[in-house]
Structures are given as C-alpha cells and as structure tokens.
Amino acid sequence: MSVSEANERRPPAGRSAGGAEQPGRQPAPAPGSDRRGGSSVELTGVSRWYGNVVAVNDVTMALRPGVTGLLGPNGAGKTTLLHMMSGFLAPSRGTVTLDGTPVWRHPPVYRTLGLVSEREAVPGFLTGHEFVLSGARLHKLPAPRAAARRAVEMVDLVEAQHRRVGTYSKGMRQRIRVAAALVHDPAVLLLDEPFNGMDPRQRLHMMEVLHQLGEDGRTVLFSSHILEEVAQLSGIVQVIVAGRLAASGDYRTIRRLMTHRPHVFTIHSSDDRRLAVALLAKEPVVGVELDPAGGLTVRTSDYGTFTRALPAVAVSEGVRVTRVLPTDESLESVFSYLVAS
Amino acid sequence: MINLTIVRLTLRGLFGRRRFLLLLPLPALVVGMALLADLLGATPDEWGQPVLVGLGFAAVLPVLALIVGASVLGSEIDDGTAVHILAKPLPRREIVLSKLLVAVVVTTLAAGTGMLLAGLVSGSGRLGIAVLAGTAVGALAYCALFLALSLLTRRPVLVGLVYVLVWEGLLTNLVSGTRVLSIQHYAVSVAERIDGSGVVTSTVSAPVALAMAVAVTVGATLLAVDRLRSFSLTGDTS
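Residues numbered from 1 in each chain as written. Chains lettered and ligands numbered in written order. Predicted model: local features only at pLDDT ≥ 70, side-chain atom pairs only at ≥ 80, totals over all residues. Heavy atoms only, no water.

Asker: I'm lost on the overall build of chain B in this one. Help?
Answerer: The helix and strand tally for chain B stands at eleven helices and zero strands. Listing every helix and strand of chain B by position from the N terminus yields α-α-α-α-α-α-α-α-α-α-α. Taking 238 residues into account, the globule formula puts the C-alpha radius of gyration at 18 Å, and chain B, at 18 Å, falls close to it. Across its three principal directions, the C-alpha atoms of chain B cover 65 × 35 × 30 Å. Going through the 238 residues of chain B one by one, you find that 53% of them count as buried. Taking the contacts inside chain B whose residues are at least 6 apart along the sequence as the reference set, 75% of them involve residues at least 24 apart. Carbon and sulfur atoms make up 68% of the accessible area of chain B, which totals about 9,800 Å². Each charge class in chain B was averaged separately, 16 positive and 12 negative side chains, and the resulting centres sit 11 Å apart. (Helix = DSSP H or I, 4+ residues; strand = E, 2+ residues; numbered from the N terminus. Rg over C-alpha atoms; globule rule 2.2 N^0.38 Å. Buried < 20%, exposed > 50% of the residue type's maximum accessible area, 1.4 Å probe, protein only. Contact = heavy atoms within 4.5 Å. Areas by Shrake-Rupley, 256 points an atom, 1.4 Å probe, with all protein chains shown as cover. Lys, Arg positive; Asp, Glu negative; His and termini not counted. Charge placed at Lys NZ, Arg CZ, Asp CG, Glu CD.)

In structure tokens, the structure reads:
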C-alpha cells in the first residue's frame, strides 16, 4: 500500500472529529437548522462472503466528519460495504460500529444515520411531499411538516413536491430519496451511487448539498465508480477493489499515485522511428516497440512525466504527433495498479 | 405498539395493488352460493357445511389472508420500498404489529362480510355472527402465519398455497390428528361453538382451537419480528 495507513484514521483537514454522540439519545433537529455531527463509523476487519464468494475482504476503515468517497469499479463490493455500514447486512467477520455501537440488529442507530441505498424504491402512489413527510413521522420528529418542508427545499424539489413520485424522473426520485434520508438531520449520511440518473445541473446541486453537509460536520459517505465525481466532492477517498481496501486517504495523494503509475501508449507520428529513438533517451520510457503497420507502442514508468515530456521531444525532433492513445486508461487498470502497489 | 403512519402507508400500498383488488369480489361467491342453495330449497343444514365451511372457511378466507398477509410486508420487500420504513429507529415489533393489524382487519372485513351475509341467508343472525367471529379468528392466525412466511421465504404465496391446499385441504381430511394443526379448523370450531345449531361442525374443540390460534399467532409474530431484526439487503453488489 503506497498511501499512508495513517490517512485512514485522520479526519479531513479543517473538520472537527470530536464530540462523539451516542445514537438515539437526542431528538433530531430539522435539516439545515444547525451544525451537528462528530459521529464516526468504524469498520474493523470486516469481511462478508456468500458461500465461496468473498464480497468484502478484511476491510478496516474509519469514516470521520466530512465527505468521503467510496470509489471502486462495478462489483468491487461497495454496495455490500454500505449495507453493512447501514445495518442492513451482517458482517461474516469483523465489526461495524457507529460511535461505538454495533449497527447490526440495532434500529436506534437510524436516529443518527441516514441511508440512500441503490435498490431502495419509492412508493409511486405517494407524492414527494407525502414520502418525505412519512419519513419524518416514522422518525417521530416533533415538527414533521416543517422538517419535511426543509428537506424538500434542500434537494430543490419544492415545485414538484406535490406530484406523485411515479411521475418523477430518475434524478428526481434520487433527490426525493435524499430528502427523506435527510429529514431527521442525521449526523451520518450514507449514499450508494447517489448521482445515478441525475442530469448535470441536478448533479452539481446535489454535490453542493453533500459538500455543505460535510462542511457542517456531518459524516457523509457516497459510493461511486466514477473518478471525477469523487474528485469533485470528497477530500478523503476509500478505494475498494475486488472486496479489498486498495487505497485510503487524501484524494490528491491517490491521484498522484494514479498519475505516477506505469502506462502504455500507442503513438502515431510523421516519423515513428525518429520519435522512438528520441523517446528512448527519456527516463520515464522503459520500452519502445515499432509497429510494422505504423505507429509505436511506448511503455513508461511514470504517466505524468511522460505526458509532459512527449510534446517537448516531438518539437525538438521536428516530428508531428498525429495520435496519442493511452491503451490501459480504464478505471479497472488504475484500480489494479493501486492494488498491486 | 401500533404505528399509524405504517398503517396508512400499508393500506395505500395494499389498495393500489391490482392482485388484491381482483380478490375482493371473492367473498361474494359465498353469498351467491348461499342464496342459490336457499332459492333451490335446500335447508341451512344441507348447504351450511359445503358453502360456509367448504367454500368460505376452506377457500375464500385462506386465499384472501394469503394474498393480504404475504403482501403487507412481502411486496414492499420485493419492490424495495420496505427500506423506507426499516431505515427508521422503530422497534421491529411495532412494524410487524402495524402490518399485521392492517392484514387482519382487511381480511376480516373482506372475507367476514361475505361470511356474515351468507350466514344471514340461513335466517339465523346467530349463525351470521358465529361465522364472522370464526373468520376473525382465522384471519388473525392465517395473516400472522403468512406475514411470517413472507419474511422466511422469497415465495410466500407458493408456500402458503401448499399449506392451504395440501396440508389443510388434503392431509387434514385423510389424517384426523393433523386437524389440530389446521387454522381452518380453529376458525370453524369457534363458529360452531358460538352458533351451537350444528350447521357448521368441527372435530377440534373450541378451547383447543382458541389456544392453538393464539399459539400460532404469537409464535408466527415473534418469528416475524426476529426475522425482521435480521433483515438483509441483498441483490446486486457493486
């Protein structure tokens, strides 16, 4: 693991990690009405398997106040991990606690925890307002209507709130589910692929909402398989690959690790042989292969250094580069590298 | 103990499902058969057992209870809307009891109305009240059982049908000792005890029937509460 393990335990800069509260001890104030939080979710040696298939393998992490991104390719175990964090799945081994209290078979944790799961559906016969209001009433909030109104305002669905959810677009359904999860102003908010189905404007607004919740001291975790979503929203990233925690820590550190990884490019130019000779003299280039059909394959030890060096080499050699194609740019290859490192 | 928000949500969900609405006319069959038998000159002693027991207690009541009991929570688990209620700091018994109350009341009203009217066709108000009471007892035990089944298996309707058709419909007629484990016989026994005229008869005594109905209801409800505490979200993992 190249990223410091210490990052797992460190709260994001500028955000408080103190003042842990016991779940279920306080009436929840309305969303956005004050600053609250300080709660943390701890996973210790958590594994989950189904028969012979290991979905999550020995994950230890701590979620502190602020926004954390759970990044991983499809099938990596993100949803399984979120289900265990939210008390909807028992770990096969290890413990998941919220402020020291095990979440499995302990419904009072939902006073502190809000969940937007990927599979949850919204009853289509309810209006958006009725759905959120029913959530407020199920939480037995002292002023459910006011809490529902504020939650709907937070997700910018005021105009559509009296329409049946069955008529909503996918993005609107996502937002009304976020409103229902926020109605009791939870200190911990877990969201599974929250931006699915949202258009760019809705996505931006939701990012602002989550960012503000993190700034207010709440512990927000969202899962995604899209690097850019995590990059825009969270300072702390947990990267999960094939059920294992592959990297954990500050986003910039992980990004740097991704940038400085070995890489293979296919390059087409006006003079492939000349360019190949010139590139071989550069340090990050560890191999060059001329393709008989035209073009060359370049192996580099450092993605970032090479992409900066290539234009300079081409200019100095008077070679016109017509095509540069990274051949292993998939997120999976990035994850694979992180696991291997 | 009973959560009115859950009751309201469950009722709206139940009446929004076509499968349930299609079954509502079923109790009219019992009334229709009783009227037909009466018009053809049959006495209540002659049509009481086949219509009220053979059709009402043995078919209409368990089928309605199965659809309603398995739907109140099972359908929400199937379509994923159950998370809305389960991700709340509510004791699981509050959720189960609220769902059970809806299922029992709806089943009793739907099946009991038909049974009451069919009983009244005989000209005996006492018989009407008796079969209504029997229906209520049966609805309670059946709904508790089928609600628990919806948390124990992914195919509660199929398993419930096997119980109703194979166990109650076949085995209890072949092996008399199994009747003490038949909710249908509890319901008939209660009706027989209240009516007292012998129009409907059961081989299970009323005290045993009541005790067993309570045992089934309590046992199934406790099981459902425990299963709901361990409710897991499964499916696609990513």
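Asker: Just to check I follow, could you spell out the pairing of strand 9 (residues 236-241) of chain A for this structure?
Answerer: In regular strands, side chains alternate between the two faces of the sheet. All names here are of chain A. Among the six residues that make up strand 9, six are buried, leaving the element largely enclosed by the rest of the structure. Here strand 3 (residues 66-71) runs beside strand 9; their pairing, made up of four bridges, is parallel. Bridged to leucine 71 within strand 9 is valine 239. Of the pairings in the sheet, the one linking strand 9 to strand 10 (residues 244-250) comprises six bridges and is antiparallel in character. When the bridges of strand 10 are listed, valine 239 appears paired with alanine 247. Where strand 9 folds back on strand 10, the antiparallel hairpin that results is connected by two residues, among which alanine 242 adopts a positive phi of roughly 50°. (Pairing = 2+ DSSP bridges.)

Asker: Got a minute to help me understand the confidence of the model for chain B in this structure?
Answerer: Segments scoring low in pLDDT should not have their predicted coordinates read at a detailed level. Residues and elements named next belong to chain B. Averaged over all residues, the pLDDT of chain B is 92; the fraction at 70 or higher stands at 98%. Per-element confidence in chain B ranges from a low mean pLDDT of 75 for helix 2 (residues 18-23) to a high of 97 for helix 8 (residues 125-152). Reported confidence for the predicted complex is 0.90 by ipTM and 0.81 by pTM. (pLDDT = per-residue confidence, 0-100.)

Asker: What should I look at first to understand the layout of surface pockets in this one?
Answerer: If you roll a probe as big as a water molecule over the atoms, it shows you where there is empty space left. Residues and elements named next belong to chain B. Roughly 540 Å³ of internal volume is contained in the largest pocket. Taken together, 21 residues line the largest pocket, and the ones lying closest to its centre are Ile77, Arg154, Phe231, Ser232 and Thr234. Mapped onto the lining of the largest pocket, the elements with two or more residues apiece are helix 5 (74-79), helix 6 (82-86) and helix 8. For the lining of the largest pocket, the element with the highest residue contribution is helix 5, accounting for four residues. Here the lining of the largest pocket is composed, by residue class, of eight nonpolar, eight polar and five charged. (1 Å grid on protein atoms, 1.4 Å probe; cavity = no way out; pocket = protein on both sides within 12 Å on 5 of 7 lines; lining within 4 Å. Points joined across faces, edges and corners; volume = space filled by probe spheres on them. Nonpolar A, V, L, I, M, F, W, Y, C, P; charged D, E, K, R; others polar.)

Asker: Any chance you could explain the interface of chain B and chain A here in plain terms?
Answerer: How big an interface is tends to be stated in terms of accessible area lost as the parts join. At the junction of the two partners, chain B supplies 31 residues and chain A supplies 37 residues. Where chain B abuts chain A, roughly 3,000 Å² becomes buried across the two surfaces, and 60% of that area is made up of carbon and sulfur atoms. Counting every contact that joins chain B to chain A gives three salt bridges. For aspartate 226 of chain B, the salt bridge is made with arginine 105 of chain A, and the minimal N-O distance between the two is 3.1 Å. (Buried area = accessible area lost by both parts, 1.4 Å probe. Salt bridge = Lys/Arg side-chain N within 4 Å of Asp/Glu carboxyl O.)

Asker: Just to check I follow, could you spell out the packing of helix 3 (residues 128-138) of chain A against helix 1 (residues 4-15) of chain B for this structure?
Answerer: Between two packed helices, the angle of one axis relative to the other and the distance separating the axes together describe the packing. Close contact between helix 3 of chain A and helix 1 of chain B brings their axes to 10 Å; oriented N to C, the two are set at 145°. In contact with Glu130, Ser134, Arg137 and Leu138 of chain A of helix 3 of chain A, helix 1 of chain B contributes Thr5, Ile6, Arg8, Leu9 and Arg12 of chain B. Classifying every residue of the contact of helix 3 of chain A with helix 1 of chain B gives three nonpolar, two polar and four charged. (Axes fitted to C-alpha atoms, helices over the stretch in contact; angles between N-to-C directions.)

Asker: I'm lost on the sheet that holds strand 11 (residues 263-269) of chain A in this one. Help?
Answerer: Pairing between the strands of a sheet is mediated by backbone hydrogen bonds and can be parallel or antiparallel. Residue and element names in this part refer to chain A. The antiparallel open sheet is built from four strands, whose spatial order is 12-13-11-14. The open sheet is flanked by strand 12 (285-290) and strand 14 (321-326), the only strands paired with a single partner. Pairs of neighbouring strands in the sheet enclose a mean axial angle of 20°, with direction left out of account. Contacts from helix 9 (residues 272-280) reach strand 11, strand 12, strand 13 (296-300) and strand 14, with the element oriented near 165° to strand 12. Most of the contacts of helix 10 (residues 303-317) go to strand 11, to which it runs at about 15°, and overall it touches strand 11, strand 12, strand 13 and strand 14.

Asker: Help me understand a nonpolar patch on the surface in this model?
Answerer: Among the surface-exposed residues, Leu158, Val159, Leu161, Val162, Leu165, Val166, Leu170, Leu174 and Val175 of chain B lie close enough to one another that they form a single nonpolar patch of about 780 Å² accessible area. Tracing the chain through its elements places leucine 158 of chain B in helix 9 (residues 156-174). (Patch = residues over 30% accessible without salt bridge, like charges linked within 9 Å, V, L, I, M, F, W, Y side chains within 5 Å.)

Asker: Explain unusual backbone geometry to me, please; I cannot follow it from the model alone.
Answerer: Negative phi is the rule for most residues except glycine; trans is the rule for most peptide bonds. Residues and elements named next belong to chain A. Of note, aspartate 99 is a non-glycine position whose phi angle comes to about 50°, a positive value. Along the chain, aspartate 99 turns up in the loop between strand 4 (93-98) and strand 5 (101-102). Its relative accessible area of 9% is what places aspartate 99 among the buried residues. Its identity as a non-glycine residue notwithstanding, aspartate 156 has a phi of 60°, on the positive side.

Asker: Explain the sheet that holds strand 1 (residues 41-50) of chain A to me, please; I cannot follow it from the model alone.
Answerer: Residue and element names in this part refer to chain A. The strand order 2-1-4-5 describes an open sheet built from four strands, whose pairing is antiparallel. What marks the edges here is a single partner per strand, and that holds for strand 2 (53-63) and strand 5. Judged from the seven bridges that link them, strand 1 and strand 2 form a sheet pairing that is antiparallel. The residue of strand 2 that forms the bridge with valine 41 is leucine 63.

Asker: Would you explain the environment of leucine 36 of chain B in this entry?
Answerer: Secondary-structure assignment places leucine 36 of chain B in helix 3 (residues 26-39). For leucine 36 of chain B, a relative accessible area of 45% corresponds to the partly exposed category.

Asker: I tried to follow helix 5 (residues 170-182) of chain A on my own but got confused; where do I start?
Answerer: Residues that lie three or four places apart on an α-helix share one face, since the helix turns once every 3.6 residues. The end-to-end C-alpha distance of helix 5 of chain A is 18 Å, a good match for the 18 Å that 13 residues give at a rise of 1.5 Å each. Across the 13 residues of helix 5 of chain A, eleven count as buried, placing the element largely inside the fold. Buried-residue contacts for helix 5 of chain A involve strand 6 (113-116), helix 3, helix 4 (144-154), strand 7 (188-192) and helix 6 (200-215) of chain A together with helix 6 of chain B. (Expected span 1.5 Å × (residues − 1).)

Asker: Help me understand the packing of helix 1 of chain B against helix 7 (residues 92-121) of chain B in this model?
Answerer: All names here are of chain B. Contact geometry of helix 1 with helix 7 gives a least axis separation of 9 Å together with a crossing angle of 45°. On the basis of the axis angle, helix 1 is oblique to helix 7. The two elements helix 1 and helix 7 meet at a crossing, and its hand is right-handed. Counting all contacts with helix 1, which are made through Ile6, Val7, Thr10, Leu11, Leu14 and Phe15, the residues of helix 7 involved are Ile95, Ser98, Lys99, Val102 and Val106. Of the residues assigned to the contact of helix 1 with helix 7, the class counts are eight nonpolar, two polar and one charged. (Parallel < 35°, antiparallel > 145°, perpendicular 65-115°, else oblique. Left-handed = near helix turned anticlockwise from the far one by under 90°.)

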